[in-house]
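Structural overview
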Amino acid sequence: MEMALKEAEKAKDLGEVPIGAVLVKNGQVLATGFNLREKQQLVTAHAEMLAIQQGNQKLQSWRLTDTTLYVTMEPCVMCGGAIIQSRIARVVFGAYDPKGGACGSVINLFEQKGFNHEVLVTGGVLEASCSKMLTDFFQELRVRNRKRKALKKLEQPEQQEQ
């Protein structure tokens, strides 16, 4: 999870929501990823999706059996679907996502009956560190946005009444 936090730091440095992921097989790092949704303007550029794609390329297979995905924030439904489809064995995440989490916060995709693959899920690993990184990022973003709005108001000439 510490390595996933380092990946999240890379996203933060780019102004992205700081989420990082690391895919591990047999104790070896297979792939890493960090959020690039804003930079790439792709809804699928989540840390998990990028790590899964990198893992697929490295193994030259869509099946990522016997792997563990570490991610700093609870995966969303899209990422959860990719995790199931790619046959990842286990997901370990840090911060819970009460607005979009698919591991129990909003829905538990991994407890739905009928899928042809089961995923073991462990949440709350290094939760304080993962949550703090996200909270700090969004607080800083709100401050920047307020400053930007204030500057914009100052730059606009006052409207004269006619």
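Higher on the page you've got the structure.
My aim in this report is to walk through the structure given alongside it, one point at a time. All figures in this text were calculated on a predicted structure; none of them were measured in a lab.

Each full turn of the α-helix corresponds to 3.6 residues, which orients residues three or four apart in the same direction. Taking 1.5 Å as the rise per residue, helix α3 (residues 47-59) with 13 residues should run 18 Å; its terminal C-alpha atoms sit 18 Å apart, in good agreement. Turning to α3, its buried residues are Ala47, Glu48, Met49, Leu50, Ala51, Ile52 and Gly55. In this structure, the buried residues of α3 make contact with β1 (20-25), β2 (28-34), β3 (67-73) and α4 (77-85). Looking at the residues trailing α3, positive phi occurs at Gln60, about 50°.

What follows concerns the pairing of β1. With respect to burial, β1 is a largely interior element, five of its six residues being buried. Looking at chain direction, β1 and β2 are connected through six bridges and run antiparallel. When the bridges of β2 are listed, Val24 appears paired with Val29. Here β1 hands over to β2 after two residues, with Asn26 in that stretch at a positive phi of 50°. Strand direction decides the pairing type here: β1 and β3, joined by five bridges, are antiparallel. Its bridge partner lying in β3, Val22 is registered against Tyr70.

Within this structure, the stated rule accounts for three salt bridges. The residue Glu9 makes a salt bridge to Lys12 at a minimum N-O spacing of 3.9 Å. With Glu9 and Lys12 both in helix α1 (residues 2-13) and three residues apart, the pair spans about one turn of that helix. Salt-bridge contacts for Lys132 lead to Asp136; the nearest nitrogen and oxygen are separated by 2.7 Å. Of this pair, Lys132 and Asp136 both sit in helix α5 (residues 127-155), four residues apart, which is roughly one turn of that helix.

What counts, and at which threshold
Residues numbered from 1 in each chain as written. Predicted model: local features only at pLDDT ≥ 70, side-chain atom pairs only at ≥ 80, totals over all residues. Heavy atoms only, no water. Helix = DSSP H or I, 4+ residues; strand = E, 2+ residues; numbered from the N terminus. Expected span 1.5 Å × (residues − 1). Buried < 20%, exposed > 50% of the residue type's maximum accessible area, 1.4 Å probe, protein only. Contact = heavy atoms within 4.5 Å. Pairing = 2+ DSSP bridges. Salt bridge = Lys/Arg side-chain N within 4 Å of Asp/Glu carboxyl O.

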